[in-house]
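Letter by letter, the chains look like this.
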Amino acid sequence: MKKTTAKAVISTFIIGFIFWILITGQAVSILNGKASAEILAAGALVCLAAACFSARFFIHERAFHLFDPRRLGAFLVYCLIIFPVELIRANVDMAFRALSPKLRIDPGIVKIPVGLSSEYGQAMLADSITLTPGTITMDVAEDTEDDNKTYFYIHWIDASAEDPQAAGEAIKGGMEKYIRRIWE
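Note that this is a predicted model, so its numbers are computed, not measured.

A. Up close: the overall build of the protein chain. Tallying secondary structure elements over the protein chain gives seven helices and three strands in all. Secondary structure elements in the protein chain, listed N-terminal to C-terminal, are α-α-α-α-β-α-β-β-α-α. Principal axes of the C-alpha set define a box for the protein chain whose edges measure 55 × 45 × 25 Å. Classification of the 184 residues of the protein chain by burial places 32% in the buried group. The long-range fraction of contacts in the protein chain, counting pairs at least 24 apart against all pairs at least 6 apart in sequence, stands at 72%. Total accessible area computed for the protein chain in this model is approximately 11,300 Å², and 65% of it derives from carbon and sulfur atoms.

Shown next, in the form of structure tokens:
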């Protein structure tokens, strides 16, 4: 088990406190100069306690990795544009499949190559794929015979593509490229 470092606790606290401010609606209040000191103080205490307990599990080896402006920008682009577009595209596709008179499904499990070496990047891509309708990431595997290349096993509602590369492009869309910018 990793040892908790002060940098990891501080980084986890900052990320947690930003989410606290956003979730409680204090961001607008702070901008208007009407923030509640009690809510901010409670948030700081809760986030500090959570950071002390979870920093070793949550934070990358380089604690301030996401605070690099390029990585933070890529993360925001991913969260605000890339993933929502992929999510809407998958939802529309599923709606058309559900509403069509002839149910157009060909479910199956496909093995797709993943070009991410970071465990955080792989986890983010696997979660993003699972959150889009019609796909579920079932397993992450390294092929030792193929230079330790990583593969995802995906249950896909439209497993008609025979080529793993083509299936991977259809499933991953533009997500992998932006995740690489964030984590590698």
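B. Fine view of the side chain of Ser100. Checked against the element boundaries, Ser100 lands in the loop between helix 4 (69–99) and strand 1 (108–114). According to the relative accessible area criterion, Ser100 is buried, its value standing at 18%. Within polar-contact distance, the side chain of Ser100 engages the backbone oxygen of Lys102 at 2.7 Å.

C. Structural view of the pairing of strand 3 (residues 149–156). Across seven bridges, strand 1 lies against strand 3 in antiparallel orientation. Bridging across to strand 3, Lys111 finds its partner in Tyr153.

D. The arrangement of the confidence of the model for the protein chain in detail. On average, the protein chain scores 88 in pLDDT, and the residues at 70 or more come to 97%. For the protein chain, helix 2 (residues 26–32) is the element with the lowest average pLDDT, namely 84, and helix 5 (residues 119–131) is the one with the highest, namely 93.

What counts as what
- Residues numbered from 1 in each chain as written.
- Predicted model: local features only at pLDDT ≥ 70, side-chain atom pairs only at ≥ 80, totals over all residues.
- Heavy atoms only, no water.
- Helix = DSSP H or I, 4+ residues; strand = E, 2+ residues; numbered from the N terminus.
- Buried < 20%, exposed > 50% of the residue type's maximum accessible area, 1.4 Å probe, protein only.
- Contact = heavy atoms within 4.5 Å.
- Areas by Shrake-Rupley, 256 points an atom, 1.4 Å probe, with all protein chains shown as cover.
- Polar contact = N/O pair within 3.5 Å; in protein donor to acceptor, adjacent residues only side chain to side chain.
- Pairing = 2+ DSSP bridges.
- pLDDT = per-residue confidence, 0-100.

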